[in-house]
Amino acid sequence: MIYGFIGLGNMASAILRGMVRSGRFPQGTLRGYNRTREKALALEKELGLVLCQSERETAEQADAVVLCVKPQMLDGVLEKIAPAVSADKLILTIAAGKETGWYEERLGPVPVIRVMPNINARVGKSVSAICAGPYARPEHLSVARDMFSTVGTVYDVEERLFSAFSAIGGASGAFVHLYIDALASAGVQAGIPRPLSQEIACRVVEGSALLTAQSPEHPIALMDQVCSPGGTTIEGVHTLKRLGFETAVQQAVRAVIEKDKKLK
Ligand SMILES: NC(=O)c1ccc[n+]([C@@H]2O[C@H](COP(=O)([O-])OP(=O)(O)OC[C@H]3O[C@@H](n4cnc5c(N)ncnc54)[C@H](OP(=O)(O)O)[C@@H]3O)[C@@H](O)[C@H]2O)c1
């Protein structure tokens, strides 16, 4: 099977690196085109990506066309590839917001798989949601699972929940970075050098996530275990609650979902 990537930016590069690292995709099967040639040349050199000369040539050569451009660029890309797309080609898209029906309106009755990965794909830790349009078959979903399992964990998610997933599984990564920076910065204020403070903040987030994921207990039960009566941690927890920590996170998630719905 030939995979043709259109748009070779941050996400496509991470996915291609994962696919190559996995060793499951033979040389020559990964092809791509990028508007700016430099990015394509760099991936040719690094990964042995076979370069195409245009969006249309990529679609012509590929069995699976992987759309990795920004959502606002998609209309133009679909117009260019439409003559090369038929029901025997799989369209895989990672663009935020656009539903499978949106592609079918422009390309006709073709199999479309929508994927929502996240940038943690760069370290093999993406969570990726996948769903299928009405013309896609189970084997098309398998293609997406094989690809995206090389950069993390893949979940089958109903399309109606994609906006929620993109908030919880995508944008939330940015919230975590913000939290890590706030924590690291507070450590600096308390006298810990920035590199050490940041490393500690990262390790705590990593460790707490692992503990929560592996524990049968509710996260709040785990939190309670580190809040000794009259101790220090409960002071911090109360301060976060008083300042609206949970409400801020929940409102941020809702804001992402609302914005995502407007992209349709
Ligand atoms: N970043 C994330 O965390 C994330 C997570 C989930 C989903 N996504 C989705 O992934 C997609 C890509 O995001 P990204 O962060 O990888 O963006 P990006 O780094 O800006 O990559 C997009 C690439 O598309 C190229 N491009 C634009 N028009 C093109 C065309 N007509 N033909 C070929 N290449 C073209 C751009 O080329 P130039 O070099 O000329 O700019 C750029 O390299 C978006 O739809 C986004 O919604 C992103």
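Criteria and thresholds
- Residues numbered from 1 in each chain as written.
- Predicted model: local features only at pLDDT ≥ 70, side-chain atom pairs only at ≥ 80, totals over all residues.
- Helix = DSSP H or I, 4+ residues; strand = E, 2+ residues; numbered from the N terminus.
- Buried ≥ 20, exposed ≤ 12 C-beta atoms within 10 Å, placed from the backbone.
- Contact = placed C-beta atoms within 7 Å.
- Pairing = 2+ DSSP bridges.
- Axes fitted to C-alpha atoms, helices over the stretch in contact; angles between N-to-C directions.
- Core = buried A, V, L, I, M, F, W, Y, C linked by C-beta atoms within 7 Å.
- Right-handed = clockwise from strand over helix to strand, strands pointing away.
- Near = placed C-beta within 6 Å.
- Expected span 1.5 Å × (residues − 1).
- Domains from an automatic or database assignment.
- Nonpolar A, V, L, I, M, F, W, Y, C, P; charged D, E, K, R; others polar.
- Parallel < 35°, antiparallel > 145°, perpendicular 65-115°, else oblique.
- Left-handed = near helix turned anticlockwise from the far one by under 90°.

A closer look at the overall build of the chain
Piece 1. Within the chain one finds eleven helices and eight strands.
Piece 2. Dimensions along the principal axes, computed over C-alpha positions, put the chain at roughly 70 × 40 × 30 Å.
Piece 3. Within the span of the chain, comprising 264 residues, buried residues form 33% of the whole.
Piece 4. Taking the intrachain contacts of the chain between residues at least 6 apart in sequence as the baseline, contacts between residues at least 24 apart amount to 64%.

What about the sheet that holds strand 8 (residues 152–156)?
Piece 1. Across the sheet, eight strands lie side by side as 3-2-1-4-5-6-7-8; this open sheet has mixed pairing. The sheet terminates laterally at strand 3 (50–51) and strand 8, the two strands that pair on one side only.
Piece 2. In this structure, strand 4 (residues 64–67) lies alongside strand 5 (residues 90–93), joined through four bridges in parallel fashion. Bridge assignment links Val66 to a residue of strand 5, and that residue is Leu92.
Piece 3. Taken strand by strand, helix 1 (residues 10–22) contacts strand 1 (3–6) and strand 2 (30–33), and its axis lies near 165° from that of strand 2.
Piece 4. Here helix 6 (residues 138–148) sits on the sheet in contact with strand 4, strand 5, strand 6 (112–116), strand 7 (126–132) and strand 8, set at roughly 170° to strand 7.

Focus: the nonpolar core
Piece 1. Counting 55 residues, the largest nonpolar core has Val65, Leu67, Ile91 and Leu92 as its most contacted members.
Piece 2. It is helix 1 that provides the largest number of residues to this core, a total of six residues.

Here we look at the pairing of strand 2
Every other side chain in a regular strand lies on the same face of the sheet, so the side chains alternate between the two faces.
Piece 1. Of the strand pairs in this sheet, strand 1 and strand 2 are connected by four bridges, and their pairing is parallel. Each bridged residue has a counterpart across the sheet, and for Tyr3 the counterpart in strand 2 is Leu30.
Piece 2. After leaving strand 1, the chain enters helix 1 and then returns to the sheet as strand 2, a path that is right-handed.
Piece 3. Relative to strand 3, strand 2 is paired through two bridges, and the arrangement is parallel.

A look at the site of the ligand
Piece 1. Taken together, 28 residues are adjacent to the ligand, and Gly7, Gly9, Met11, Thr36 and Ala96 come closest.
Piece 2. Put simply, the parts of the chain that give the shell around the ligand at least two residues each are helix 1 and helix 4 (74–81).
Piece 3. The biggest single contributor to the shell around the ligand is helix 1, with three residues.

A short note on helix 7 (residues 162–189)
At 3.6 residues per turn, the α-helix brings residues three or four places apart onto the same side.
Piece 1. Here helix 7 is 28 residues long and its end C-alpha atoms lie 39 Å apart, about the 40 Å a rise of 1.5 Å per residue gives.
Piece 2. Regarding helix 7, the residues found buried are Phe162, Ser163, Phe165, Ser166, Ala167, Gly169, Gly170 and Ala184.
Piece 3. Residues of helix 7 that are buried in the fold lie against strand 6, strand 7, helix 8 (194–214) and helix 11 (245–262).
Piece 4. Gly191 sits one or two positions beyond helix 7 and adopts a positive phi of about 105°.

So, the pairing of strand 1
Piece 1. Neither face of strand 1 is open: one carries Tyr3 and Phe5, the other Gly4 and Ile6, and all of them are buried.
Piece 2. Bridging between strand 1 and strand 4 involves four bridges; their strand directions are parallel. Bridged to Gly4 within strand 4 is Val65.

Let's talk about the environment of Asn118
Piece 1. Secondary-structure assignment places Asn118 in the loop between strand 6 and strand 7.
Piece 2. The exposure class of Asn118 is buried, given the 24 C-beta atoms found within 10 Å.
Piece 3. Taking C-alpha positions, Asn118 is 9.6 Å from Ser172, a pair spaced 54 residues apart along the chain.
Piece 4. Setting aside anything within four residues of it in sequence, one finds Asn118 in contact with Ser126, Val127, Gly169, Gly170 and Gly173.

As for the domain arrangement of the chain
Piece 1. By domain assignment, the chain separates into domain 1 (3–157) and domain 2 (165–262).
Piece 2. The C-alpha-based centres of domain 1 and domain 2 are spaced at 33 Å.
Piece 3. Taken together, the contact pairs nine residues of domain 1 with six residues of domain 2.
Piece 4. In terms of residue class, the side of domain 1 that touches domain 2 is made up of six nonpolar, three polar and no charged.

Things to note about the packing of helix 7 against helix 11
Piece 1. Close contact between helix 7 and helix 11 brings their axes to 9 Å; oriented N to C, the two are set at 125°. Between helix 7 and helix 11, the interaxial angle falls into the category oblique. Here helix 7 and helix 11 pass one another in a crossing that is right-handed. For the pair formed by helix 7 and helix 11, the contact residues are Ser163, Ala164, Ser166, Ala167, Ile168, Ala171 and Phe175 on the first element and Val249, Ala252, Val253, Val256, Ile257, Asp260 and Lys261 on the second.
Piece 2. In terms of residue class, the contact of helix 7 with helix 11 is made up of ten nonpolar, two polar and two charged.

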